[in-house]
There are 2 protein chains.
Amino acid sequence: MAEMQQIVLARHCDGPPVPEDFAVETLPLPEPKEGQFRLRHVWNSVDPGTRSRLSGGDSYAAALPLGKPVDGFSVGVVEASEHPDYPVGTKVFCAAGWRTHSIQSGRGFLGKVPEALVPLSAWIGVLGVPGLTAWFGLKETARFKAGDCVLVTSAAGPVGATAGQLAKAWGAARVVGIAGSDEKCRWLTEEAGFDAALNYKTTGDLTAAIHEAMQCGVDVLFDNVGNAMVDRVLPLMSMHGRICVSGQVADYNVAPEARAGIRHTAPFITHRINMQGLVVFDFMKGFPEALGEMAAMLASGRLKAKEERFDGIAAMPEAFCGLFKGENFGRRVVKVGEE
Amino acid sequence: MAEMQQIVLARHCDGPPVPEDFAVETLPLPEPKEGQFRLRHVWNSVDPGTRSRLSGGDSYAAALPLGKPVDGFSVGVVEASEHPDYPVGTKVFCAAGWRTHSIQSGRGFLGKVPEALVPLSAWIGVLGVPGLTAWFGLKETARFKAGDCVLVTSAAGPVGATAGQLAKAWGAARVVGIAGSDEKCRWLTEEAGFDAALNYKTTGDLTAAIHEAMQCGVDVLFDNVGNAMVDRVLPLMSMHGRICVSGQVADYNVAPEARAGIRHTAPFITHRINMQGLVVFDFMKGFPEALGEMAAMLASGRLKAKEERFDGIAAMPEAFCGLFKGENFGRRVVKVGEE
């Protein structure tokens, strides 16, 4: 009998996730009913934001029950269909979790991959939630405008790298990234067009270094790290500066009481700072336009997207856990099926 | 020779201000030159926000140098004039500091008191910066809309009390205040029309009590207290909730490193929270309209404004220092001259 595999949550994470928190399950391959199709996943993503659902007691995002497949994004090929709009061979991106196959009805966050200008995996990376988060976080949440000086944290990650490049493309006066290795910093300045990049692991006085590297203050902090970074940068913000809370990778593993605190809040009043978080699905109406523009930028080489590729669904837990050690350099995608 | 008095900063404050941080000075009464007039102050205000300029090392608001008169708002009567637009007898409100008299040129934050519908002292209270902060903080910063559930902290203070009453007048679904005595709480519900009020000093589990009192979640937190309160309320915020950072009275006396930290930041993403501070002078174009409407509400009794009156300029340091002990109940105004 034909089979599929999925990765489920075996126990709730306590602190940084470890591969033993997950288990591989093998199931019979399901058949689509009328109005459904079966997607063979080709690439699955691992996403830091997923961590917020993996602690048992989390009171915000609904906790993922034990035994359920873990969240992630996928791009794949329809291999069996009872849905007139999705014939066999159609390429589709969707949010379908850590599986090799899924049954879909064409609803929810799901779309057809329009054409083969870019690698298929881009549709769960720079043309997926990370790229869209960068686009809408910068444009809508941070209300970016040409001439802004932008600081991006976790800048070599897929969200940060895209945010910094979009800021440059849209006329930022200066874009500085913070990342965790000299290699990442070199890529940011030499490949991705950042004006400067700082290695937070080796820079002594990081606050002073940010201040110096920015030259023009911080109009926009595009943060993927969390409270400690926001607290550090607040005193460096310019008048009417904006903080986009895009991600909180340093805080997802820590109970709220144990997190770093944001203390330097005087600039909220003195400098009229605005801080706003986003979930990119609030902006779905704008996805087609954003994806069209980013696909063109990517195809023409004006937008660089770095990927780290893993092989086989069993590699997903390891790929995910590494996100919280700062191991990843670019989008982590896992090949789980044939294109 | 005729004289005037002023209160100057005698030493930088370290922690909560004490009366010994200030000194009374007597000076010759100055004469206005051409284009100037001399204002006899009738009422001066003491303002918690002033504290942020009184620590020597503060790096945000420019520190007040020793020996300089302390900031505050005043309303008074022109008693000598070389300015054609401000004849003797004109009543004027302005930001002129802790003095009995000042020389003015008609520029800056300054206006004529339009008519005698309300007590003169209202023009440095509900018709001054506190009332305007409530108005624009609620309308612009918090983007209040009818149907919102609003939580106001330091609610018996002049900013909070006005914010809560404006929210009710503008169609809030529910307005809850937090204050520091049963007497204040009674005034809020019985006089000012708040739906509920909580005494933070005697309520055991304040977070649970807020949750219960709000009934409908918190769409708008109008905060005058600071980090600890923001941290407490964040997990109670509704989707797309807004935090207006109107004041930080609990934090002004504390070095940033020693302040309470905001740790419960997950809702910034999960609930798309927006947090924004304000300085009311950014909204000066709208002052005439806001003042006109609030003066009418005040004159007709639809807006209640509680005052605590002190007598004589020498009482200003004591009146100011009490703001940081939660002593004040309403706007503290000091009579420093004859009307």
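Re the environment of Ala209 of chain B
Residue and element names in this part refer to chain B. Counting through the fold element by element, Ala209 comes out in helix H4 (residues 206-214). Sequence spacing of Ala209 and Asn199 is 10 residues, and the spatial spacing of their C-alpha atoms is 10.0 Å. With sequence-adjacent residues up to four places away left out, Ala209 is seen in contact with Leu198 and Thr203.

Quick word on unusual backbone geometry
Not every positive phi belongs to a glycine, and Gln215 of chain A is a case in point at roughly 65°. As for its placement among the helices and strands, Gln215 of chain A is situated in the loop between helix H4 (206-214) and strand E11 (218-223). Even without glycine at this site, His240 of chain B takes up a positive phi of about 60°. Relative to the assigned elements, His240 of chain B resides in strand E12 (residues 237-245). On the neighbour-count criterion, His240 of chain B (12 C-beta atoms within 10 Å) is exposed.

Quick look at the environment of Pro256 of chain B
Within the secondary structure layout, Pro256 of chain B lies in the loop between E12 and helix H6 (266-270). Judged by local crowding, Pro256 of chain B falls into the partly exposed class, with 18 C-beta atoms found within 10 Å. Sequence-wise, Pro256 of chain B and Lys145 of chain B are 111 residues apart; in three dimensions their C-alpha atoms are separated by 33 Å. Apart from residues no more than four positions distant in its own chain, Pro256 of chain B is found in contact with Arg263, His264 and Ala266 of chain A.

Considering the domain arrangement of chain A
All names here are of chain A. When cut into domains, chain A gives domain 1 (3-125 + 305-335) and domain 2 (133-281). Residue-level contacts link 16 residues of domain 1 with 12 residues of domain 2. For the side of domain 1 that touches domain 2, the per-class residue count stands at 6 nonpolar, 7 polar and 3 charged.

A short note on the interface of chain A and chain B
Listed by partner, the interface residues are 30 residues for chain A and 30 residues for chain B. Where the side of chain A that touches chain B is concerned, the elements lending two or more residues are helix H6 (266-270) and strand E13 (274-277) of chain A. For the side of chain A that touches chain B, the residue count by class is 14 nonpolar, 10 polar and 6 charged. For E13 of chain A and strand E13 (residues 274-277) of chain B, the ladder comprises 3 bridges, and the chain directions are antiparallel. When the bridges of E13 of chain B are listed, Asn274 of chain A appears paired with Gln276 of chain B.

Reading the values: rules and limits
Residues numbered from 1 in each chain as written. Chains lettered and ligands numbered in written order. Predicted model: local features only at pLDDT ≥ 70, side-chain atom pairs only at ≥ 80, totals over all residues. Helix = DSSP H or I, 4+ residues; strand = E, 2+ residues; numbered from the N terminus. Contact = placed C-beta atoms within 7 Å. Buried ≥ 20, exposed ≤ 12 C-beta atoms within 10 Å, placed from the backbone. Domains from an automatic or database assignment. Nonpolar A, V, L, I, M, F, W, Y, C, P; charged D, E, K, R; others polar. Pairing = 2+ DSSP bridges.

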